[in-house]
Amino acid sequence: SFEEIFEIEDGLWMVEIEDSEESGYLFCDLHDDRFWILYSLTKSKLFNDTVDSLLKTEGGGLDRLWLPTGQVEQIGEMGEYEGVKISFGANEVFPEEFIEDQMDFTDLNIDGSGHSSRHLYDILKNTEDINDFLALSRVQIRREVDGEFVRESITNDGSFTTRGGSDIALHVSTVESIKNRYERLLRSLEQNHIIGAEEKEHGARSRGSPVVIKFCNQIADVERFLSYVVNAQDPFRLWGHTREVGENAYHVDGVDAHNGDKIAMEVSSKWLRLYLYGDACGNTALRLFTNLQQYYDPAAELVIEDA
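What you see is a predicted model, and the numbers here were worked out from it, not measured in a lab. (Residues numbered from 1 in each chain as written. Predicted model: local features only at pLDDT ≥ 70, side-chain atom pairs only at ≥ 80, totals over all residues. Heavy atoms only, no water.)

Student: Sorry, what's going on with the sheet that holds strand S2 (residues 12–18) here?
Tutor: Strand pairing in a sheet is mediated by backbone hydrogen bonds. Such pairs are either parallel or antiparallel. Reading across from one edge, S1-S2-S3-S4 is the order of the four strands in this open sheet, with antiparallel pairing throughout. Every interior strand has two partners, whereas the edge strands, strand S1 (2–9) and strand S4 (37–40), have only one. Strand-to-strand twist of the sheet, defined as the mean angle between neighbouring strand axes without regard to direction, takes the value 25°. Bridging between strand S3 (residues 23–29) and S4 involves four bridges; their strand directions are antiparallel. Bridge pairing links Phe27 to Tyr39 in S4. (Pairing = 2+ DSSP bridges. Helix = DSSP H or I, 4+ residues; strand = E, 2+ residues; numbered from the N terminus. Axes fitted to C-alpha atoms, helices over the stretch in contact; angles between N-to-C directions.)

Student: Looking at this model, I keep getting lost on the sheet that holds strand S7 (residues 136–145). Mind explaining?
Tutor: Pairing in this open sheet of five strands is antiparallel, and the strands run S6-S5-S7-S8-S9 from one edge to the other. Each end of this open sheet is capped by a strand with a single partner; those strands are strand S6 (107–113) and strand S9 (160–165). Neighbour to neighbour, the strand axes of the sheet diverge by 15° on average, direction disregarded. In this structure, S7 lies alongside strand S8 (residues 148–155), joined through eight bridges in antiparallel fashion. The residue bridging Arg138 from the neighbouring strand is Thr155, located in S8. Strands in contact with helix H2 (residues 69–76) are strand S5 (80–89), S7 and S8; relative to S7, the strand with the most contacts, it is inclined by about 25°. Lying on the sheet, helix H7 (residues 283–295) is in contact with S5 and S7; it crosses S5 at an angle near 80°. (Contact = heavy atoms within 4.5 Å.)

Student: Is there a simple way to explain unusual backbone geometry in this structure?
Tutor: Generally, phi is negative for residues other than glycine and the peptide bonds are trans, each holding for most cases. In this model, Asp234 is joined to Pro235 through a cis peptide bond whose omega is 5°. Along the chain, the position of Pro235 falls in the loop between helix H6 (222–229) and strand S13 (238–246). A positive phi angle is found at Ala232, which is not glycine, with a value near 70°. Tracing the chain through its elements places Ala232 in the loop between H6 and S13. One non-glycine residue, Asn248, adopts positive backbone phi at about 55°. As for its placement among the helices and strands, Asn248 is situated in the loop between S13 and strand S14 (249–256).

Now the structure itself:
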């Protein structure tokens, strides 16, 4: 529950939160109308439970950053690797019989720390028999700028943990830099891949194209696959009507259960096309892609313009 709310300055709020066991404070940086940043010094369980409840509030319209493996790798380039986590958990989404028919791993977890973390990741990426199974879910870095340093742990669902440093401003700038890069990706996606029409002098012209996800791990049974992805459940939160349109090919008319946006999908064994309409949020596509990497195909490829 939220006990008290204090306005520190314009766009910066402090909120007292509590559950049955403990209480603490949540600091809400709302200077950016679209991308809010939440900080806390409370224990991680209270903080995580609070954020989860905010995200799952019906009609709340809030979502996480969903960072695909490529984005997490770019974050790693901001400093010196001090840790890396590679995780794949098909059994969190798909039942055992589907995994046995479709995948080589039920789950795969590699959690390394230390200065050789980058070397470990590079070895795995360059190993042909395993590189298609690497979903980078967390990176720890030490970032140094002008003699100051900060140590950060960043996960692919937009969670940052500061693990020490000499200047809190460097932590804030690290968060802002990652947020700004994500915003550029999101806006590029929305500018080029929202389906609509532009008015012309003598009518209208269509604009936009679907977001395409190419699979390395081809789908043997698309109908079964969709029954676990388009079911309104976490982590995908998509819901809709599925109909067969060809051999092992299906069309979905649906909505993003997170925000109510209308969507459509065309899915074959080799690719998925996602159609977004009107004022849809591009985060739908990044949530879908990031979680497909995490739970189905780490080597899946996102095909968008000007990314």
